[in-house]
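Coordinate analysis (summary)
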Amino acid sequence: MKKTLMLLMSVMMVSMLYVPITAEASSEDDVLTMMNAVRESAGLEAFTMDEDLQDIAEIRASECAQKFSHIRPNGKAWYTVSNLTNGENLAHAVNSTQQKPENVVYAWTLSPKHYANLVRSSFNSVGIAYYCNENGETFIACEFH
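Structure report, in brief. Remember, it's a predicted structure, so these values are computed and weren't measured experimentally. (Residues numbered from 1 in each chain as written. Predicted model: local features only at pLDDT ≥ 70, side-chain atom pairs only at ≥ 80, totals over all residues. Heavy atoms only, no water.)

Thoughts on helix 3 (residues 51-66)
Between its first and last C-alpha, helix 3 extends 24 Å over 16 residues, near the 22 Å set by a 1.5 Å rise per residue. All of the buried residues along helix 3 are Leu53, Gln54, Ile56, Ala57, Arg60, Ala61, Glu63 and Cys64. Of the surrounding secondary structure, the elements contacted by the buried residues of helix 3 are helix 2 (28-41), strand 1 (48-49), strand 2 (87-93), strand 3 (125-132) and strand 4 (138-144). At the N-terminal end of helix 3, a side-chain oxygen is found 3.0 Å from the backbone nitrogen of Asp52, two or three residues along, and the residue is Asp50. (Helix = DSSP H or I, 4+ residues; strand = E, 2+ residues; numbered from the N terminus. Expected span 1.5 Å × (residues − 1). Buried < 20%, exposed > 50% of the residue type's maximum accessible area, 1.4 Å probe, protein only. Contact = heavy atoms within 4.5 Å. Polar contact = N/O pair within 3.5 Å; in protein donor to acceptor, adjacent residues only side chain to side chain.)

A short note on the pattern of salt bridges
Once the charged atoms of two side chains with opposite charge are near each other, the side chains can pair. Overall, the coordinates contain 3 salt bridges when judged by the stated rule. For Glu63, the salt bridge is made with Arg60, and the minimal N-O distance between the two is 2.7 Å. Taken together, the positions of Glu63 and Arg60, both in helix 3 and 3 residues apart, correspond to about one turn of that helix. Residue classification places Arg60 among the buried residues on the basis of a relative accessible area of 0%. The residue Arg60 makes a salt bridge to Glu88 at a minimum N-O spacing of 2.7 Å. Here Arg60, found in helix 3, pairs with Glu88, found in strand 2; they are 28 residues apart in sequence, far enough to count as distant. (Salt bridge = Lys/Arg side-chain N within 4 Å of Asp/Glu carboxyl O.)

As for the packing of helix 2 against helix 5 (residues 101-110)
Close contact between helix 2 and helix 5 brings their axes to 8 Å; oriented N to C, the two are set at 40°. Taken together, the axes of helix 2 and helix 5 are oblique relative to one another. Two packed elements cross with a definite hand, and for helix 2 against helix 5 that hand is right-handed. Mapping the contact onto sequence places Asp30, Val31, Met34, Met35 and Val38 in helix 2 and Pro101, Glu102, Val105, Trp108 and Thr109 in helix 5. Classifying every residue of the contact of helix 2 with helix 5 gives 7 nonpolar, 1 polar and 2 charged. (Axes fitted to C-alpha atoms, helices over the stretch in contact; angles between N-to-C directions. Parallel < 35°, antiparallel > 145°, perpendicular 65-115°, else oblique. Left-handed = near helix turned anticlockwise from the far one by under 90°. Nonpolar A, V, L, I, M, F, W, Y, C, P; charged D, E, K, R; others polar.)

Functional significance is not addressed by these values, which are geometric in nature.
Given below as structure tokens:
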């Protein structure tokens, strides 16, 4: 499994060389595709996109523009946004390179807690959202169920 994950990460890193640096924030579907590649390499079923989780991710991504944290701007924990979400991954991208799906997912694979959410077998659906503020910073939220 470790060799497969390293191979996947290598492929993702090489693919970054062929994607133009001027790329804008990519679609949530691209992030889902990359996340499912990680799950496949771990021998797990693919995530499906859930509309309700998508709405929750949109709320959390916009909240992160106010306060980038798993603590919401109202001072409550991330999971108080809805009883449907059981896990959360966040990303803060300050340039177009960091916004790319392969870089977002790669960063999550490097973090033990974020990676754990990607490969948790009890999670089967997600909602993913990008939110761009007036300064050009992008906040990405992924909510798991």
